[in-house]
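# Residue-level structure breakdown
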Amino acid sequence: MDWTFWIGTVVFLATYILIATEKVHKVICALAGAALMFIFVLGKNHGHDASPLDAWAHNVNFDVIFTLCGMMILVNILSTTGLFQYVAIKCAKLAKGGPLKMMILLSLATAFMSAFLDNVTTILLVAPVTLLVCAELGVSAVPFLMAETLSSNIGGTATLIGDPPNLIIGSAAKLDFAAFLVNLAPFIIVVMIVYMAALYFYYRKKLYVTVEKRARIMELDEKAAITDRKKLRNGLIIMVLTIMGFLSHSVTGLEPGVVAMAGAAAALAVCKVDVEKALEKVEWVTLFFFIGLFVLVSGAKECGLIDLIGNNLKVLDKVHPLATILIVMWVCGCAAAVTNNVSFTAAVVSIIALFMQNAPVFHGNAQLCELMWWGLALAVCLGGNGSLVGAAANLVAVGLAEKAGQKLTFMDFLRYGLPVTLGSMVLASVYIAARYYYQTGF
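Residues numbered from 1 in each chain as written. Predicted model: local features only at pLDDT ≥ 70, side-chain atom pairs only at ≥ 80, totals over all residues. Heavy atoms only, no water.

### Looking at the overall build of the protein chain
Spelled out, the test is: Under the DSSP-based scheme used, a helix requires at least four consecutive residues in state H or I and a strand at least two consecutive residues in state E, with every element numbered from the N terminus. We compute the radius of gyration from the C-alpha atoms alone; for a globule the expected value is 2.2 Å times N to the 0.38, where N is the number of residues. Relative accessibility thresholds used throughout: buried, under 20% of the residue-type maximum; exposed, over 50%; partly exposed, between the two (1.4 Å probe, protein chains only). Whether two residues are in contact is decided by their heavy atoms, any of which lying within 4.5 Å being enough. Here Asp and Glu are counted as negative and Lys and Arg as positive; His is not counted, and neither are the chain ends. For charged residues, the charge sits on one atom: NZ in Lys, CZ in Arg, CG in Asp, CD in Glu.
On a plain count of helices and strands, the protein chain comes out with 23 helices and zero strands. Over its C-alpha atoms the protein chain spans a radius of gyration of 22 Å, differing by no more than 12% from the 22 Å that the globule rule assigns to 442 residues. Principal-axis analysis of the C-alpha atoms places the extent of the protein chain at approximately 75 × 50 × 45 Å. Residue burial in the protein chain is summarised as follows: out of 442 residues, 56% are buried. The contacts in the protein chain between residues at least 6 apart in sequence include a share of 81% that link residues at least 24 apart. Once the 29 positive and 26 negative side-chain charges of the protein chain are each reduced to a mean point, those two points are 11 Å apart.

### Details of helix 11 (residues 185–203)
Cut-off, in case you're wondering: The length a helix should cover is 1.5 Å for every residue beyond the first.
For helix 11, with 19 residues, the first-to-last C-alpha span of 26 Å sits near the 27 Å given by 1.5 Å per residue. All of the buried residues along helix 11 are A185, F187, I188, V191, M192, Y195, M196, L199 and Y203. Residues of helix 11 that are buried make contact with helix 6 (99–114), helix 8 (142–156), helix 10 (177–183), helix 21 (366–383) and helix 23 (410–439).

### Side note on the layout of surface pockets
Put simply, the test is: Two kinds of site are reported from a 1 Å grid over the protein atoms alone, namely cavities, where a 1.4 Å probe fits but cannot get out, and pockets, open sets with protein on both sides within 12 Å along at least five of seven lines, and residues are called lining when an atom falls within 4 Å of a point. Grid points are joined across faces, edges and corners, and a volume is the space filled by probe spheres set on the points. Three classes are used, and their members are as follows: Ala, Val, Leu, Ile, Met, Phe, Trp, Tyr, Cys and Pro are nonpolar, Asp, Glu, Lys and Arg are charged, and the others, Gly among them, are polar.
Of the voids in this model, the largest pocket is the one considered here, and its volume is about 600 Å³. Looking at the lining of the largest pocket, the elements that each hand over two or more residues are helix 1 (3–21), helix 7 (119–137), helix 17 (284–303), helix 20 (341–358) and helix 22 (392–403). Grouping the constituent residues of the lining of the largest pocket by class yields 16 nonpolar, seven polar and five charged.

### Thoughts on the pattern of salt bridges
Our working definition: Salt bridges, as used here, are contacts in which a Lys or Arg side-chain nitrogen is within 4 Å of a carboxyl oxygen on Asp or Glu.
Per the stated rule, a full pass over the model turns up two salt bridges. For E222, the salt bridge goes to K93, with nearest N and O atoms at 3.1 Å. Residue E222 is found in the loop between helix 12 (211–218) and helix 13 (229–247), and its partner K93 is found in helix 5 (residues 83–94); the two are separated by 129 residues along the sequence. Through salt bridges that share partners, K90, K93 and E222 make up one connected network.

### As for empty space enclosed by the protein
Over the atoms rolls a probe the size of a water molecule, and its path tells where empty space is left. This model, assessed by the stated rule, comprises three cavities of 30 Å³ or more. Quantified by volume, the largest cavity comes out at close to 100 Å³. For the largest cavity, the lining is made up of 13 residues, of which L68, M71, L117, D118 and I161 are closest to its centre. Among the secondary structure elements, those contributing two or more residues to the lining of the largest cavity are helix 4 (62–79) and helix 9 (164–173). Approximately 40 Å³ is the volume attributed to the second largest cavity. For the second largest cavity, the full set of lining residues is L316, D317, V319, P321, T324, F355, A359, V361 and F362.

### A closer look at the state of the cysteines
Filter applied, for reference: Sulfur atoms of two cysteines make up a disulfide when they are within 2.5 Å.
The final tally for this structure, using the stated rule, is zero disulfides. Free of any disulfide, C29 has its nearest neighbouring cysteine sulfur in C303, separated by 18 Å. Looking at C29, the relative accessible area reads 5%, which means it is buried. Here C91 is not cross-linked by a disulfide; its sulfur's nearest cysteine counterpart is in C134, at 13 Å. Residue C91 is classed as buried on the basis of its relative accessible area, which comes to 9%.

### Some remarks on a nonpolar patch on the surface
Let me state the cut-off plainly: The patches reported here contain residues having more than 30% relative accessible area and no salt bridge. Joining distances are 9 Å for like charges and 5 Å for nonpolar side chains (Val, Leu, Ile, Met, Phe, Trp, Tyr). Residue exposure ignores everything except the shown protein chains as possible cover, and the areas themselves are Shrake-Rupley values with a 1.4 Å probe.
The grouping of L31, V275, L279, W284 and F288 at the surface amounts to a nonpolar patch, some 400 Å² of accessible area in total. At the level of secondary structure, the elements contributing two or more residues to the nonpolar patch comprise helix 16 (275–280) and helix 17. Mapped onto the fold, W284 is located in helix 17.

### Structural notes on unusual backbone geometry
Phi at K96 is positive, roughly 55°, even though this residue is not glycine. If you trace the backbone, K96 turns up in the loop between helix 5 and helix 6. Of note in this structure, K272 is not a glycine but carries a positive phi near 55°. If you trace the backbone, K272 turns up in the loop between helix 15 (256–270) and helix 16.

The following block contains the structure:
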């Protein structure tokens, strides 16, 4: 443990503490921490012949960055067509203005869209229409926004591109879109069914509006929300082709980043949008946050901090493998809830990978290793519902509610999110246990 270890450790821990406390903007924290890591830890190990830019790029997972960027462009193009507003209004009308039915339909639509879109983008698109409809009905929008936010985090767990932590895990574990879809999507459908049942029984006697107010919803014209049918048709075709590109990874060998950027380029060309305006809407804050995190974690690996933590997990070597996976799940789920599931996942994947490489039970056992990755993905994504800071979509939803004059505190969010998190984590534990015993021939 030389001075490099101590500098790297201090920079890493200080950056994560600042990100978790939100005293300084997370992008400033991530980029500053990355710069310090490169100056004191990473830069000195690349020799005089290596370009500093090459050394920096070596520590960034550009497959994740390009996948996020490409999907953001695609979604932003589709958002200008009025598609998401159409879906939200259609759900409200299918419910015939009934608040409980509307909440369930909007939550289901949000979960489905979040499986293929970024969670933050989904909330930004669905929430404004939800606020409008709730205003027409004369009911508080808070329960609706909370149901949609929690559903977006649950639905995003189903696919590789649905939630950023899955992209990080998929890249580290070499798990493609089809693998996530087959292994997680069926379980997430079960979780959503249980959650919708819970919403029904909790709100069935609490939400009521008059016939006159319900009639106002039926007067809304969802077709008027569609502003450009040709762009919508072309955009949807390209989106479907992009998803097919993700699914065909085992055949084509194309990485998600390549497929997403190809889809984005095709959408920009075919939909004939203003390229500069389309790029302005890309969430550059998120992308630069990821870049900073990747360099930060690389610095933690280089200085030996990740090895130290991973080696200390040897205490789990003599624990039953299922118990090990469940312990990791619950620890990571709780940690993701109180920090941020994206930043936590960026750090923990390296630790988990090192642990499985060194643990006799997991080393060379592909089925057990995959089960650990699925457990981790479920834990960090579902754990994001645990608190206000657990996932970026949570902060966005609360911000939109406050702009509409409906303030939500940290404790208010905890009251909604914690029971859902605990319930979904229990279901996830049962699912992982059932898979373990099925795979081992119990």
